[in-house]
Amino acid sequence: MGVLFGTDGVRGVANRDLTPELAFKLGRAGAFCLAQDHPRPKILIGKDTRISGDMLESALTAGICSVGADVVRLGVIPTPGVAYLTRHLGAQAGVVISASHNPMEDNGIKFFGSNGFKLPDALEEEIENLIMSDAELPNPVGAEIGRAEDFSQAGRVYGAYLKKILGADLSGYKIVVDTAHGAAYSLAPNILRDLGAEVIPLFNNPNGTNINQGCGSTHPGKLMEAVKNYGADIGIAHDGDADRMLAVDEQGNLVDGDKIMVICALDFLRRGMLKENKIVVTVMSNLGLHQALKKAGIEVLETKVGDRYVLEKMLETGAILGGEQSGHIIFSEYNTTGDGIATALQLLKIMVETGKPLSKLAQQMVRLPQILMNVRVKEKTGWDTNPEIKSAIQQAENVLEGRGRVLVRTSGTEPLVRVMAEGPDEKELQEIVQGIVRVVEAELG
């Protein structure tokens, strides 16, 4: 990764790391790289509900227009909505202003190409090099300067597409939806209502500072309680930009991305829809997923963490389903990125067509105990060459003796080292993870 771009665009604390000045430069360089072959290029901008979104949108818009490209502002819309509309409206690029599940203070900027896919590393490096080198870019004048306009129907157009391809009759279903005060705060509940469901929305009143605050897919506890209290059939949790989704069954149990992928893969297999008979997951996926799909004869391919790497492997192998335990799930026949609302509709469709409750469907995978702890560090580089940390990991692997696994990695978006262990004995795993965490804290904290 470069100086600016991480695993998911450019991120940082808004107005400190990700400043309007940087957003302006990203707009100029991004528009120049992605749209220079078009006489009057069009670039879409969508955002989540963070208070800093307006500031960064204005700076981005100015940068894009300054090199002669037109801007279409989509307003508050899920990330996958921008990916879809970039293709649907024939734009040369799409930009999302969001830091996904990160705290409110953070924000991010990521680009999609005209095909709706996140940019390859080489293209991000090209944009970054233009910014870092202070390269001279065109400054058109007069009628050649770009214009900006608003597209107020963006959410409606995207929602209509989802209902058309994945809609099922949800009459009689009671659904609790936690939108994390984020980009799907009105769209997700409205789509479900349009399909006939009784919808109970949670955390759907964004004020600019409450996104992801004790809610959403990273904090599903209140949703789990609400599903039981309301006697709902299912709970749905999105993150700030709604590119991920976790579920809660009718008994109040969390159904994570691994279980959702197993449910979808086995359903696709039964209906002869699982092209290439394979799915793509990351190294974080539970061993229980591997066991359930191997039993059904489905090949499981692994990548490093990050939905961009999942998608790359899907495109390379022809797999149509892939994703992450965290709820980033990609159905490549419907969209070019993880799509939380599409995932929810796909899961609901399976419930409707099989007539089975979510708890029954989720039983198709038995989850092995998995402990994950995050360690906040001053500097996350160099952890993998630190002799003390390497020794602690080796000792942990010796304890498990092939009965499980240890995985240590850094976050792509935050100053965190993630320590995970998986195996048959939860108490043993707790001790193993805590031992490694203590060493990481001592060395890097």
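The rules behind these values
- Residues numbered from 1 in each chain as written.
- Predicted model: local features only at pLDDT ≥ 70, side-chain atom pairs only at ≥ 80, totals over all residues.
- Heavy atoms only, no water.
- Core = buried A, V, L, I, M, F, W, Y, C linked by side-chain atoms within 4.5 Å.
- Buried < 20%, exposed > 50% of the residue type's maximum accessible area, 1.4 Å probe, protein only.
- Contact = heavy atoms within 4.5 Å.
- Pairing = 2+ DSSP bridges.
- Helix = DSSP H or I, 4+ residues; strand = E, 2+ residues; numbered from the N terminus.
- Right-handed = clockwise from strand over helix to strand, strands pointing away.
- Phe/Tyr/Trp six-rings, centres within 6.5 Å; stacked < 30°, edge-to-face > 60°.
- Lys NZ or Arg CZ within 6 Å of the ring centre and 35° of its normal.
- Expected span 1.5 Å × (residues − 1).
- Polar contact = N/O pair within 3.5 Å; in protein donor to acceptor, adjacent residues only side chain to side chain.
- Axes fitted to C-alpha atoms, helices over the stretch in contact; angles between N-to-C directions.

### With respect to the nonpolar core
Thought 1: Of all hydrophobic cores here, the largest spans 67 residues; its most connected members are Ile-175, Leu-192, Ile-234 and Ile-279.
Thought 2: Not counting chain neighbours up to four residues away, the residues in contact with Leu-192 comprise Leu-170, Ile-175, Val-177, Ala-197, Val-199, Ile-236, Leu-345 and Leu-348.
Thought 3: Core analysis: the next-biggest nonpolar cluster, separate from the first, contains 31 residues, Ile-45, Leu-60, Ala-69 and Val-95 among them.

### A short note on the pairing of strand 9 (residues 198–202)
Thought 1: Two strands pair when backbone bridges link them, and strand 8 (residues 174–178) and strand 9 are joined in this way by 5 bridges, in the parallel orientation. Across the sheet, Val-176 pairs through a bridge with Ile-200, a residue of strand 9.
Thought 2: Each parallel crossover has a hand, and for strand 8 linked through helix 6 (residues 187–194) to strand 9 it is right-handed.

### What about the packing of aromatic side chains?
Thought 1: For the structure shown, the criterion picks out 4 aromatic pairs.
Thought 2: Between Tyr-84 and Tyr-161, the aromatic rings sit 4.1 Å apart at their centres with planes inclined by 15°, giving stacked as the arrangement. With Tyr-84 in helix 3 (residues 79–88) and Tyr-161 in helix 5 (residues 154–166), this residue pair connects regions lying 77 residues apart in the sequence.
Thought 3: When the centroid spacing of 6.1 Å and the interplanar angle of 35° are considered together, the rings of Phe-331 and Tyr-334 count as tilted. As far as the burial class goes, Phe-331 and Tyr-334 line up, both buried.
Thought 4: Clustering of aromatic rings is evident, with ring pairs tying together Tyr-84, Tyr-158 and Tyr-161.
Thought 5: Of note, Lys-304 hangs over the ring of Tyr-309, and the distance from its end group to the ring centre comes to 4.5 Å.

### Things to note about helix 8 (residues 257–270)
Thought 1: Compared with the 20 Å implied by 1.5 Å per residue over 14 residues, the 20 Å span of helix 8 between its first and last C-alpha is a close match.
Thought 2: Taking burial as the measure, the 14 residues of helix 8 include 12 buried ones, the bulk of the element.
Thought 3: All of the buried residues in helix 8 are Gly-257, Asp-258, Lys-259, Ile-260, Met-261, Val-262, Ile-263, Cys-264, Ala-265, Leu-266, Asp-267 and Phe-268.
Thought 4: Its side-chain oxygen 3.1 Å from the backbone nitrogen of Asp-258, Asp-256 forms the N-cap of helix 8.

### Some remarks on the sheet that holds strand 19 (residues 416–422)
Thought 1: The antiparallel open sheet is built from 3 strands, whose spatial order is 17-19-18. Edge positions in the open sheet fall to strand 17 (370–376) and strand 18 (405–410), since each of these has one partner strand only. Put simply, the sheet's adjacent strands are angled 15° from each other on average, direction ignored.
Thought 2: Docked against the sheet, helix 13 (residues 387–400) engages strand 18 and strand 19, running at close to 155° with respect to strand 18.

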